[in-house]
Amino acid sequence: MTTTLAEWLAAQPVDQKLARAVATMAAASAEIAAVLRIAPIEGETGLAGHTNVQGEAQKLLDVISNDIVLNHIGQNSDISILVSEELDEAVHFDNGGALLVATDPLDGSSNLDVNVTVGTIFSILDASKGLLQKGSAQLAAGYAAYGPSTSFVLTFGTSVAVFTLDQSDTFVLTKDKVAVSPASGEYAINTARERFWDAATKGYVDENVAGETGLAGKRYNMRWVGSMVADIHRILMRGGIFLYPLDSETLEKGGRLRLLYEGNPMALIVTAAGGKATTGRKNILDIQPTDIHQRVPVVLGSSEEVTRVEAWYKKA
Ligand code: AHG
Ligand code: MN
Ligand code: MN
C-alpha cells in the first residue's frame, strides 16, 4: 500500500491552501528533476551569461529552474508573492493570494555540471505579514534533492516526511516522522576556508580531527558535498552536522548562505526532526530579517554536535 503526496496532504490537519502551495512546489520540483535528467543532452549545462543580485554567476539551469518555479507559482492564485535567489526583487502577483513562497530554485550550482546531487529549497509564509518574517513564522518548508532518486522533504513545523518521485512522476511517501539522531560522528564544513575561521569553529573542528585522542573522545569523518540540500539530506537520514559559519571573509556579508530560502527552511526542517539550528550564538529561526537576500551563518544538525558548537561560541 503506497501513499502519494496528494493523498498524504489531503489527510493533514492543515489549511488546504497551504497543502496546495506545497503541491505546487512538488510539481515544480518534478519538472526540474525531468530537466536535470537530460540537461547534458539538451545542452543546458554551463553559464547563463549573467550574474544575480548576489554577484554570483547564474548557470543556465539556475535560470531554467527559476522559470519553472515562477511558472508553477503563477498558476496558483493562493500564492501572491515569490522571493527567489535568482530574482533581485520579490515578485507580486495581483491575485489576493494568502501565501508567500521564498525559494532557492536550484541549490548546489557548483555541482550542476558534474552530475552530483543538487536541490530546490522552499519556505512558505503568510503573505499578509510581509516579506521580512522570522523563520519561526514559516507555515511550511521543504526541499527536493535530485540525486540517484528525487526526494521531496516536507515539514509543517512539527514533523518531517520524505517522498520519492516514482516513474510516473508521482511523489510517494517513503519515510514519515524523520528523527535526526542526537549523536553523530560526521561533520560537514568547507575546510579549505580554515584560515578565515573564528576561534569557535576552529576549536570545534580541531576537536573532531583529534578524534578519540582529543576532548570529543570519539572518531569523526568529514563529508562535504557542496550542495546544502545534499549535505542536509544526509544529516536527516543518518545524523551529522553542517556548518557554514561566519568567517573573516564572509563577515561583511553576514555569512555565505541566505536566510530566507536556505537557512530558515533548513532550520525548520532540522528542528522539526529533533535537531538544532543556530548561527553559533542565536537560533536561526529567531532572526528578524532586514533584507530578502540577507545572508546568515548556519550550523545545524544532530543536537549533541550543535550543542558542542554553541559551547565553543560561549567560550570564544
Ligand atoms: P547556490 O548554488 O544556491 O548558490 O548555493 C550553494 C551553497 C550551498 O549549496 C553549499 O552548501 C555552499 O554553497 C557550498 O559552498 P562552497 O562553495 O564554499 O563549498
Ligand atoms: Mn543555495
Ligand atoms: Mn541556488
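Residues numbered from 1 in each chain as written. Chains lettered and ligands numbered in written order. Predicted model: local features only at pLDDT ≥ 70, side-chain atom pairs only at ≥ 80, totals over all residues. Heavy atoms only, no water.

K.L.:
Even after reading the chapter, I still don't get the overall build of the chain, so can you show me in this structure?
P.N.:
A count of helices and strands for the chain gives eight helices and 17 strands. A globule of 316 residues ought to have a C-alpha radius of gyration of about 20 Å, and the chain, at 19 Å, matches this closely. C-alpha atoms of the chain, sized along the principal axes, occupy 55 × 45 × 45 Å. A buried classification covers 55% of the 316 residues belonging to the chain. (Helix = DSSP H or I, 4+ residues; strand = E, 2+ residues; numbered from the N terminus. Rg over C-alpha atoms; globule rule 2.2 N^0.38 Å. Buried < 20%, exposed > 50% of the residue type's maximum accessible area, 1.4 Å probe, protein only.)

K.L.:
When you look at the sheet that holds strand β13 (residues 241-244) in this model, what are you seeing that I'm missing?
P.N.:
The strands making up a sheet associate through backbone hydrogen bonding, with each pair oriented either parallel or antiparallel. In space, the five strands of this open sheet follow the order β12-β11-β13-β17-β15, with mixed pairing throughout. Each end of this open sheet is capped by a strand with a single partner; those strands are β12 (221-222) and β15 (276-278). For β15 and strand β17 (residues 298-301), the ladder comprises three bridges, and the chain directions are antiparallel. By the bridge assignment for β17, A277 is matched with L300. Here helix α6 (residues 228-238) sits on the sheet in contact with β11 (186-188), β13 and β17, set at roughly 150° to β13. (Pairing = 2+ DSSP bridges. Contact = heavy atoms within 4.5 Å. Axes fitted to C-alpha atoms, helices over the stretch in contact; angles between N-to-C directions.)

K.L.:
When you look at the site of ligand 1 in this model, what are you seeing that I'm missing?
P.N.:
What surrounds ligand 1 is a group of 18 residues, the closest being D107, G108, S109, M228 and Y244. Side-chain polar atom of E85 to an oxygen atom of ligand 1: 3.0 Å apart, as the coordinates give it. Contact distances for ligand 1 include 2.9 Å between an oxygen atom and a side-chain N or O atom of W224. Look at ligand 1: alone it shows 470 Å² of surface, and the protein chains cover 88% of it. Sorting the residues of the shell around ligand 1 by element identifies β5 (99-107), β13 and β14 (257-258) as the ones contributing at least two each. Counting residues per element, the shell around ligand 1 draws most heavily on β5, which supplies three residues. The residue makeup of the shell around ligand 1, split by class, is six nonpolar, five polar and seven charged. (Near = heavy atom within 4 Å. Polar contact = N/O pair within 3.5 Å; in protein donor to acceptor, adjacent residues only side chain to side chain. Areas by Shrake-Rupley, 256 points an atom, 1.4 Å probe, with all protein chains shown as cover. Nonpolar A, V, L, I, M, F, W, Y, C, P; charged D, E, K, R; others polar.)

K.L.:
When you look at the domain arrangement of the chain in this model, what are you seeing that I'm missing?
P.N.:
If you check the domain split of the chain, you get domain 1 (5-175) and domain 2 (186-315). Listed per partner, the contact involves 47 residues of domain 1 and 32 residues of domain 2. Buried area between domain 1 and domain 2, both sides added, is near 2,900 Å², and the carbon and sulfur share of it is 63%. On the surface where domain 1 and domain 2 come into contact, there are four salt bridges. In this structure, R256 engages E56 in a salt bridge whose closest nitrogen and oxygen atoms are separated by 3.5 Å. Remark: the boundary between domain 1 and domain 2 carries 17 residue pairs in polar contact (both at pLDDT 80 or more). For the side of domain 1 that touches domain 2, the secondary-structure elements that each account for two or more residues are β3 (79-84), β5, β6 (118-126), β7 (140-146), β8 (150-155) and β9 (160-165). (Domains from an automatic or database assignment. Buried area = accessible area lost by both parts, 1.4 Å probe. Salt bridge = Lys/Arg side-chain N within 4 Å of Asp/Glu carboxyl O.)

K.L.:
I'm lost on the pairing of strand β10 (residues 171-175) in this one. Help?
P.N.:
A regular strand carries its side chains on alternate faces of the sheet. Direction of pairing for β9 relative to β10: antiparallel, over a ladder of four bridges. Each bridged residue has a counterpart across the sheet, and for V162 the counterpart in β10 is K175.

K.L.:
Would you explain the sheet that holds β10 in this entry?
P.N.:
The strand order across the open sheet formed by eight strands is β4-β3-β5-β6-β7-β8-β9-β10, and the pairing between neighbours is mixed. Looking at the sheet topology across the chains shown, the edges are occupied by β4 (91-92) and β10. Contacting β3, β4 and β5, helix α4 (residues 60-74) crosses the sheet at an angle of about 155° to β5. Contacts between α6 and the sheet are confined to β5, β6, β7, β8, β9 and β10, with β7 contributing the most and set at about 105° to the helix.

K.L.:
Honestly, the packing of aromatic side chains in this entry has me stumped. Any pointers?
P.N.:
Any aromatic ring pair is given by two values, namely how distant the centres are and how the planes are angled relative to each other. All chains considered together, the criterion is met by seven aromatic pairs. Aromatic side chains W224 and Y244 sit 5.9 Å apart centroid to centroid with 55° between the ring planes, which places their arrangement in the tilted category. Taken as a pair, W224 in the loop between β12 and α6 and Y244 in strand β13 lie far apart in primary sequence, 20 residues in all. A relative accessible area of 27% places W224 in the partly exposed class. Given a relative accessible area of 9%, Y244 falls into the buried group. Within the aromatic cluster, the residues linked to one another by ring pairs are W8, F156 and F163. (Phe/Tyr/Trp six-rings, centres within 6.5 Å; stacked < 30°, edge-to-face > 60°.)

K.L.:
Any chance you could explain the coordination of the manganese ion (ligand 3) here in plain terms?
P.N.:
The reference angle at a metal is 109.5 degrees if four donors form a tetrahedron and 90 or 180 degrees if six donors form an octahedron. The manganese ion (ligand 3) binds to the protein through E85 (OE), D104 (OD) and L106 (O), with metal-donor distances spanning 2.2 to 2.5 Å. Going along the chain, you hit the donors of the manganese ion (ligand 3) in the pattern E-x18-D-x1-L. (Donors = N, O, S within 2.8 Å, 3.2 Å for Na, K, Ca; no water.)

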